[in-house]
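Structural overview
Chain by chain, the residues:
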Amino acid sequence: MSGTSMDSLDCCVCELSIDSNNRFKYKVISQKSFDFDNSIINKIKKNIGRIKPRDIKEIDDFLGKIFLELSRDFLSEYSLDYISMHGQTIYHKDRERSIQVGNPAYLSNAFKIPVIYDFRSADIKLNGTGAPLMPYLDWLIFKDYNKDILTLNLGGISNVSMIPKKSKVDDVIGFDVGPGMSLIDECSNKFWKSKCDYNGKYSSKGEIKGNMLNYLMDNTFISKKPPKSTGRQDFGVDYINEVIDRYSNLSNFDIIRTFVKFTSKSIKLNIEKFISNNYDIDELIISGGGLNHPILINDIKKDLDIPIRDIIDYGIESKFKESLLMAVLGYSKIKNIKNNVPSVTGASDNIVLGNIYEPQ
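Residues numbered from 1 in each chain as written. Predicted model: local features only at pLDDT ≥ 70, side-chain atom pairs only at ≥ 80, totals over all residues. Heavy atoms only, no water.

A few points about the sheet that holds strand β3 (residues 83–84)
Basically, it comes down to this: A strand pair is defined by DSSP finding two or more bridges across the two strands. A run of H or I in DSSP becomes a helix once it reaches four residues, and a run of E becomes a strand once it reaches two; helices and strands are each numbered from the N terminus.
Ordered in space as β3-β6-β12, the three strands form an open sheet in which the pairing is mixed. The sheet is open, and its two edges are formed by β3 and β12 (355–357), each paired on a single side. As paired strands, strand β6 (residues 115–117) and β12 are joined by three bridges and run antiparallel to one another. Within β12, the position partnered with Ile116 by the bridge is Ile356.

A few points about the sheet that holds strand β8 (residues 157–163)
Let me state the cut-off plainly: Angular values range over 0 to 180 degrees, each being the angle between N-to-C directions of two axes fitted as lines to C-alpha atoms, with helices fitted over their stretch in contact.
If you trace the five strands from one edge of the open sheet to the other, you get β9-β8-β7-β10-β11, paired in mixed fashion. This sheet does not close on itself; its edge strands, each paired only once, are β9 (173–179) and β11 (308–310). Here the average twist between neighbouring strands, direction ignored, is 25°. Alignment of strand β10 (residues 283–287) against β11, held across three bridges, turns out to be parallel. From the neighbouring strand, Ile286 faces β11, where its bridge partner is Asp310.

Some points on the packing of helix α6 (residues 182–192) against helix α9 (residues 237–246)
Keep this limit in mind: Working definition: roughly parallel below 35 degrees, roughly antiparallel above 145 degrees, roughly perpendicular at 65 to 115 degrees, and oblique for all remaining angles. Should the near helix be turned anticlockwise from the far one by less than a right angle, the crossing is left-handed, and should it be turned clockwise, the crossing is right-handed. Contact definition: two residues touch when any of their heavy atoms are within 4.5 Å. In this classification, Asp, Glu, Lys and Arg are treated as charged, Ala, Val, Leu, Ile, Met, Phe, Trp, Tyr, Cys and Pro as nonpolar, and every other residue, Gly included, as polar.
Running from amino to carboxyl end, α6 crosses α9 at an angle of 70°, the nearest separation of the two axes being 10 Å. Here α9 runs roughly perpendicular to α6, going by the angle between their axes. Along this stretch, α6 crosses α9, giving a crossing that reads as right-handed. Residues Leu183, Glu186, Cys187, Lys190 and Phe191 of α6 form the contact with α9, whose participating residues are Val237, Tyr239, Ile240, Asn241 and Ile244. Taken together, the residues that form the contact of α6 with α9 break down as seven nonpolar, one polar and two charged.

Written out as structure tokens, the structure reads:
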């Protein structure tokens, strides 16, 4: 998995089974993360929003080779049946098109096994948003609990899944909320040439500025009714630059602190507007890189009057939840199990997501 945070390639080796009654069993055998260096990150950033075939092919091949180079030694330790890969999102527009790059041919031909990829386009063809994908895994994990569980994934983008107690997949609600770590990371890079606001070392020095926060909360996506999904073309470097130009009188520390609060307030607004009016949420389970940001997590705890737990309490390491999701989606494709969630994406039908690249 390489997500909107653009920081690493996360790998999870696991054994999976989903039976005819949707009973889900999994065993994580091993997991490892491979950090992207600055040259890779900069290459990805330069291609965000590009949709010309020539541009897509260049970054597609480049990342296909990088994914193989990073993971080859790790994956070579195991006898694998399949590899499932998400690819790096460089463009996503609701109900129109979603582009993930990282040519599967390199992994497939190196390991001589099929690679499952492209988990969004089939849903979009059925007028779905193509995202988020996480609600399917959340449903498999939490559907049999006697609780109304809300999950929050704090990746580059924030998304939520509402899994009612003893639910069917059609009962699931899920959508992208807005920014996760994307704006905070972009600020860290722009102001201090740092990949991230590690341990809140920059944002902890700033103050929340009400005028800027009010402006950010007026963003039309934040209050948009689901189904909805977004990406870095909406909440990335261009958005950061526009806001910084508008509030050039503020200190860098105040700007990043206000972006942190904006992330939390966006989550609060969406939960209150679209979920808590219909469900009594028993607990909120958080995963994703944002779990490691103490200022953001503290803001979320202050903004939400809901019991909050870490996904590790359910035996899943936060950083590798999305790579487990990829394995589950790949398995579903191989077993012909319908794995999109129309109640989340708005697609007109329940279908099997993914394409398969066979080794040449």
